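Per-entry structural report
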Amino acid sequence: MIGIDLSKRTALVTGAGRGIGRAIATQLASAGASVVMNDLDQGLVDEVCGEIDAHGVPGDVTEPNFAQKLVESAIAKYGSLDIIVNNAGYTWDNVIQKTTDEQFQAMLDIHLMAPFRILRAASCYIRDTAKKEAAERRRVTRKVVNITSIAGTDGNPGQAGYSSGKAGIIGLTKTMAKEWGRYNVTVNAVGFGLIETRLIQPLSADGASIDIQGRQIPVGVQASVLENIKKSVPLGRLGTTEEAANAVLFFCSPLSDYVTGEVMICGGGMHF
Ligand SMILES: NC(=O)c1ccc[n+]([C@@H]2O[C@H](COP(=O)([O-])OP(=O)(O)OC[C@H]3O[C@@H](n4cnc5c(N)ncnc54)[C@H](O)[C@@H]3O)[C@@H](O)[C@H]2O)c1
């Protein structure tokens, strides 16, 4: 890997127990950052923290008071907060006539409301710190990376809720880039195509599911749909979690210090 040095930086990654988030947390740690990682799954939080020496804050990012707790815990542990990656997410798909209010709302809650609350919770620290640094004539660039999807940029049948949440986060990204430019915060989004995680495993009766407030939501994609989509990837294969994390690392690093308000697609050239 090229020499990205994130030592003395504190990075917060949500949904980092498995999949892309775990790869992001691992890469940030190996670049020297102090990592604060979150996941719904306490067992995975313990596992990742053991592996990369991170500070774990288990819990559900859609709980209204959780964002404040998460941000306070990061600052209390490491005394700073420099990089925020809003990654936690899952799919709960159906055609619109079979999509309930609860289902649609759940997709907005996880992909849009939770990142909004986390950025709002961090805003006081970010503004106060940037003002102090400006008074000392120091410019320290902080980073926000929001995770979106080609379902958000292009739309995808069967994903009214998911694609709405993933499109909404792009609006939040672009607005925060404008609000926080004066505080030297770059705010960008990375949109994935098909990355090898449980989210794109073929759906099956005994497949992966996510426990949302006691309800088991199956995650995955219909096998026939998946096969068709795979054929349309120009690079001819799915992406790995490491390749997905590489794109995020660019926006977490000084390499992107003059890039803000942008959406980078990491999808092997595929669009829906
Ligand atoms: N895999 C893909 O092809 C793909 C494509 C486009 C976008 N994405 C996005 O990438 C992100 C990561 O997805 P992934 O493929 O690694 O999925 P994954 O299921 O492997 O990992 C997601 C992690 O987020 C956690 N999580 C879910 N809801 C949470 C909540 N309420 N609070 C805290 N943690 C929560 C899960 O427990 C899980 O460990 C998601 O935002 C997803 O929508 C993935």
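Let us look at the structure shown here. (Residues numbered from 1 in each chain as written. Predicted model: local features only at pLDDT ≥ 70, side-chain atom pairs only at ≥ 80, totals over all residues. Heavy atoms only, no water.)

Observations concerning the site of the ligand
- What surrounds the ligand is a group of 30 residues, the closest being Asp39, Asn87, Tyr162, Thr197 and Arg198.
- Contact between the ligand and Asp60: a nitrogen atom at 2.8 Å from a side-chain N or O atom of the residue.
- Take Tyr162: an N or O atom from its side chain is 2.6 Å from an oxygen atom of the ligand.
- Contact with the protein chains covers 98% of the free accessible surface of the ligand, which is 830 Å².
- Those elements giving two or more residues to the shell around the ligand turn out to be helix H1 (19–30), helix H4 (101–135), strand E5 (142–149) and helix H6 (160–180).
- Of all the elements, E5 adds the most residues to the shell around the ligand, at three residues.
- Tallied by class, the residues present in the shell around the ligand amount to 14 nonpolar, 11 polar and five charged. (Near = heavy atom within 4 Å. Polar contact = N/O pair within 3.5 Å; in protein donor to acceptor, adjacent residues only side chain to side chain. Areas by Shrake-Rupley, 256 points an atom, 1.4 Å probe, with all protein chains shown as cover. Helix = DSSP H or I, 4+ residues; strand = E, 2+ residues; numbered from the N terminus. Nonpolar A, V, L, I, M, F, W, Y, C, P; charged D, E, K, R; others polar.)

Quick look at the side chain of Asp60
- With respect to the helices, strands and loops of the structure, Asp60 is situated in the loop between strand E3 (55–56) and helix H3 (66–78).
- Here Asp60 is buried and forms no salt bridge, its nearest opposite-charge partner Arg117 lying at an N-O distance of 8.1 Å.
- Sequence-distant contacts of Asp60, that is, excluding residues within four places in its chain, are made with Leu40, Phe66 and Gln213. (Buried < 20%, exposed > 50% of the residue type's maximum accessible area, 1.4 Å probe, protein only. Lys, Arg positive; Asp, Glu negative; His and termini not counted. Salt bridge = Lys/Arg side-chain N within 4 Å of Asp/Glu carboxyl O. Contact = heavy atoms within 4.5 Å.)

Examining the sheet that holds E5
- Read across the open sheet, the seven strands follow the order E3-E2-E1-E4-E5-E6-E9; overall the sheet is parallel. The strands lining the two open edges of the sheet, one partner per strand, are E3 and strand E9 (263–266).
- Relative to E5, strand E4 (residues 83–86) runs parallel, the two being bridged by four bridges. Note that in E5 the partner of Ile84 across the bridge is Val144. (Pairing = 2+ DSSP bridges.)

Considering helix H2 (residues 42–52)
- Buried residues of H2: Leu44, Val45, Val48, Cys49 and Ile52, and no others. In an axial view of H2, the angular spread of the buried residues amounts to 130°, which keeps them on one side of the axis.
- On the buried face of H2, the contacting elements are H1, strand E2 (34–37) and E3.
- Of the residues flanking the start of H2, the one acting as N-cap is Asp41, its side-chain oxygen 3.2 Å from the backbone nitrogen of Gly43.
- Looking at the residues trailing H2, positive phi occurs at Asp53, about 55°. (Arc of directions from axis to C-beta.)

Thoughts on the nonpolar core
- Membership of the largest hydrophobic core comes to 41 residues, with the highest contact counts inside it found for Leu81, Tyr90, Ile118 and Trp180.
- Contributions of two or more residues to this core are made by H3, H4, H6, strand E6 (185–192) and strand E7 (209–212).
- Dropping the residues within four chain positions of it, Leu81 is found in contact with Thr10, Leu12, Val71, Ala74, Ile75, Ala122, Tyr125 and Arg142.
- Judged by nonpolar contacts, the second largest core, of 35 residues, contains Ile4, Val35, Ile52 and Cys252. (Core = buried A, V, L, I, M, F, W, Y, C linked by side-chain atoms within 4.5 Å.)

What to know about the packing of aromatic side chains
- According to the stated counting rule, one finds one aromatic pair in the structure shown.
- Aromatic side chains Phe250 and Phe251 sit 5.2 Å apart centroid to centroid with 50° between the ring planes, which places their arrangement in the tilted category. (Phe/Tyr/Trp six-rings, centres within 6.5 Å; stacked < 30°, edge-to-face > 60°.)

What about H1?
- Taking 1.5 Å per residue as the helical rise, H1 with its 12 residues ought to reach 16 Å, and the 17 Å between its terminal C-alpha atoms agrees with that figure.
- Within H1, nine of the 12 residues are buried, which leaves it mostly tucked inside the rest of the structure.
- Where H1 is concerned, the buried positions are Ile20, Gly21, Arg22, Ala23, Ile24, Ala25, Gln27, Leu28 and Ala29.
- Buried residues along H1 sit against strand E1 (10–13), E2, H2, E4, E6 and helix H8 (241–252).
- In the stretch just after H1, Gly32 is the one whose phi turns positive, near 105°. (Expected span 1.5 Å × (residues − 1).)

Notes on the pairing of E2
- The sheet contact formed by E1 and E2 spans four bridges and is parallel. Across the sheet, Leu12 pairs through a bridge with Val36, a residue of E2.
- In this view, the connection linking E1 to its parallel neighbour E2 by way of H1 has right-handed handedness.
- Here E2 pairs with E3 via two bridges, running parallel. What sits directly across from Val36, in E3, is His55. (Right-handed = clockwise from strand over helix to strand, strands pointing away.)

A short note on the side chain of His55
- Tracing the backbone through its elements, the reader meets His55 in strand E3.
- Contact partners of His55, with chain neighbours within four places excluded, come to Val35, Val36, Met37, Cys49, Ser73, Lys77 and Tyr78.

Some points on the pattern of salt bridges
- Going through the model one piece at a time under the given rule, you end up with 11 salt bridges.
- Two residues, Glu243 and Arg237, come together in a salt bridge whose shortest N-O distance is 2.7 Å.
- A residue is classified by how much of its surface remains accessible, and Arg237, at 42% relative accessible area, is partly exposed.
- Through salt bridges with shared partners, one network takes in Arg9, Asp82, Glu133 and Arg142.

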